[in-house]
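Spelled out, the chains give:
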Amino acid sequence: MKKIILSLFIVLLFTINVFSQTDNYKCYPTNWWVGMKNPLLQLMLHGNAIAKADININYPGVKLVKVNRVENENYLFVDLLITSAAKPGVMNIKVNKSDSPINIPFELNARRKGNGNTFAQGVNNHDFIYLIMPDRFSNGDETNDRVAGMKDQSLNRDTVFNRHGGDLQGVQNHLDYLYKLGVTSIWLNPVIENDMPNRTEHGYAFTNHYKVDPRLGGDKAYKDLIDAAHAKGMKIIQDAVYNHVGLYHFTVQDMPMKDWLHQWPVYTNTTYKDQTLFDPYASKKDVKQMVDGWFTQQMPDLN
C-alpha cells in the first residue's frame, strides 16, 4: 500500500522573551537532533498570515537554505541545513511580522550513543504478541475518563460506539498478568491524540501526531508504561498509520494547498482491496480508488 509519511507533527510551547508570545503560531516538528546522517531538515510553520513574514535563524552550525511559500498564506515550509558544527541547544526561529514579531524556540538535542539496534529489540517468531485497544482494556485512572475541551465527552461501557475509559495506567496495572500469560510484546492500538467528535476509541484518526491522547494518560503515562514493560523484559510495539489523519487535524481544517488531500468530485471511500496493488491485471480505476480513496468520511486520505 502506498505509504504517505508526514513530517513530524507536534505543537511547540512558546516561551516569552523579547518577541511577543502567542500559541497561534506552531512549528512541526518541535525538535530535532544534531549529528544526524542526513543534515537536511524541513520545518512546517503554521500561523495567521505567516507567509507574509520574514524568517531569520541565527544559530551556529545551522544554515537557513530556503523559505517555501505555498497556496495558503498561513503556512511556511523552511529548509534547514544542520551541519556537523551544530551543538545541542535551543535555536530561535524569528518570525518577523510587522505588527507583532514572534520567536519560536526550537530544540536541537544530542543523540543517544549507539545505533538503533542497541535500543530497538524488534520482534520475531519467538515473541508472543498481545494486542490491546487501551480504551477497552482497563481503567487505571478515572480522572482522565473525560478531558475538558476535547470534542468527544462520551463515556458509556454499554455501547461499542462510545469511549469506555480504559487507559495506559490500566495496561501497566496488568503487566504482571500479561507476563504470567507468557506475553513478550504488547501491541497497542495507536495512542496518539484523536480529538474527534465521535468514535475515537480506536486511535487511528490522528489530530496531533506527537501528543499522546490525554484520555489515555498523556505522554508521561506512555513513557511510564514503556519503562515498566522494559523492566520486565517485555516490548512495546507502536502502531501508527500515516496514510490518513482525522478530519479535525489542523492540516485538514486549514489545508496548506489544495492537493494536500486526495480530492474527489464526490465523496469516495477506499475499497480496502489491497490485492489490486499487486495484481498486474487490475484496472487503473480500481488501483486509484484503493490508494486514493478516503479511509472513512472522518479520516481523509493524505496525498
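Computed from a predicted model, the values in this text were never measured in an experiment.

**Q** Break down the overall build of the protein for me, with residues and values.
**A** Summing up its helical and strand segments, the protein has 7 helices and 13 strands in all. Computed over its C-alpha atoms, the radius of gyration of the protein comes to 21 Å, within 12% of the 19 Å expected for a compact globule of 303 residues. Each principal axis of the C-alpha atoms in the protein carries an extent, and together these give about 60 × 50 × 45 Å. Put simply, the protein has 303 residues, and 44% of those count as buried. The long-range fraction of contacts in the protein, counting pairs at least 24 apart against all pairs at least 6 apart in sequence, stands at 66%.

**Q** Residues and numbers for the pattern of salt bridges, please.
**A** When charged atoms on two side chains of opposite charge get close, those side chains can pair. Throughout the structure, instances matching the rule amount to 13 salt bridges. In this structure, D195 engages K151 in a salt bridge whose closest nitrogen and oxygen atoms are separated by 3.6 Å. With D195 in the loop between strand 11 (192-193) and strand 12 (208-212) and K151 in the loop between helix 2 (134-137) and helix 3 (168-173), this residue pair connects regions lying 44 residues apart in the sequence. Owing to a relative accessible area of 40%, K151 belongs among the partly exposed residues under this scheme. In this structure, K232 engages D176 in a salt bridge whose closest nitrogen and oxygen atoms are separated by 2.4 Å. You can see K232 sitting in the loop between helix 5 (218-231) and strand 13 (235-237) and its partner D176 sitting in helix 4 (residues 175-181), a full 56 residues away along the chain. Where salt bridges share partners, they join D135, R136 and R163 into one cluster.

**Q** Can you tell me about the sheet that holds strand 3 (residues 40-46), naming the residues and giving the values?
**A** Strand order in this open sheet of 4 strands is 1-3-6-5, and the pairing throughout is antiparallel. The two strands at the open ends of the sheet, each matched to only one other strand, are strand 1 (26-28) and strand 5 (62-69). Within the sheet, the average angular offset between the axes of one strand and its neighbour, ignoring direction, is 25°.

**Q** Now, about the environment of A228: what can you tell me, with residues and values included?
**A** Inspection of the secondary structure assignment puts A228 in helix 5. Separated by 55 residues in the primary sequence, A228 and N173 have C-alpha atoms spaced 9.8 Å apart. Ignoring any residue separated from it by four or fewer positions in sequence, one finds A228 in contact with Q172 and L175.

**Q** An account of helix 7 (residues 284-292) is requested, with residue identities and associated values reported.
**A** Every buried residue belonging to helix 7 is among M290, V291 and D292, and all of these are buried. Buried positions in helix 7, seen along its axis, are confined to an arc of 165° and lie on one side of it.

**Q** Explain unusual backbone geometry to me, using residue names and the numbers behind them.
**A** With an omega of 0°, the peptide bond between Y28 and P29 qualifies as cis. Following the sequence through the fold, P29 ends up in the loop between strand 1 and strand 2 (31-33). The backbone of R199 sits at a positive phi, close to 45°, despite the residue not being glycine. Positionally, R199 belongs in the loop between strand 11 and strand 12. The partly exposed category is assigned to R199, whose relative accessible area is 31%.

**Q** Would you mind going over the environment of P190 in detail, with residue names and values included?
**A** Relative to the assigned elements, P190 resides in the loop between strand 10 (185-188) and strand 11. Relative accessible area serves as the criterion here: at 4%, P190 is assigned to the buried category. For the pair P190 and K180, spaced 10 residues apart in sequence, the C-alpha separation works out to 25 Å. Apart from the residues lying within four places of it in its own chain, the contact partners of P190 are H202, G203, Y204, F206 and D239.

**Q** Which residues make up the sheet that holds strand 4 (residues 54-57), and what values go with them?
**A** Spatial ordering of the open sheet is given by 2-8-7-4, a layout of 4 strands whose pairing is mixed. The outermost strands of the open sheet, each flanked by one partner alone, are strand 2 and strand 4. Neighbour-to-neighbour, the strand axes of the sheet open up by a mean angle of 30°, direction not taken into account. When strand 7 (residues 89-96) meets strand 8 (residues 102-109), the two strands line up antiparallel, connected through 7 bridges. Within strand 8, the position partnered with I93 by the bridge is I104.

Calculation criteria
All residue numbers refer to position in the chain's written sequence, counted from 1. Whole-chain, interface and lining totals are the exception, using all residues; otherwise, since this is a predicted model, local features are given only for residues with pLDDT of at least 70 and side-chain atom pairs are given and counted only at 80 or more. Each side-chain value is worked out from all heavy atoms of the structure, with water and hydrogens disregarded. Helix and strand definitions here come from DSSP, where helices need a minimum of 4 consecutive H or I residues and strands a minimum of 2 consecutive E residues; each element is numbered from the N-terminal end. In this treatment the radius of gyration is a C-alpha quantity, and the globule benchmark scales as 2.2 Å times the residue count to the 0.38 power. Working definition: with a 1.4 Å probe on protein chains only, accessible area under 20% of the residue-type maximum means buried, over 50% means exposed, and in between means partly exposed. Any two residues whose heavy atoms approach within 4.5 Å at even a single point are treated as in contact. Salt bridges are counted wherever a side-chain nitrogen of Lys or Arg sits within 4 Å of a carboxyl oxygen of Asp or Glu. One bridge is not enough; two strands pair if DSSP finds at least two bridges between them. Comment: axis = line fitted to C-alpha atoms, over the contacting stretch for helices; angle = value between 0 and 180 degrees taken between N-to-C directions. Think of the arc as the fan of directions from the helix axis to the C-beta atoms.

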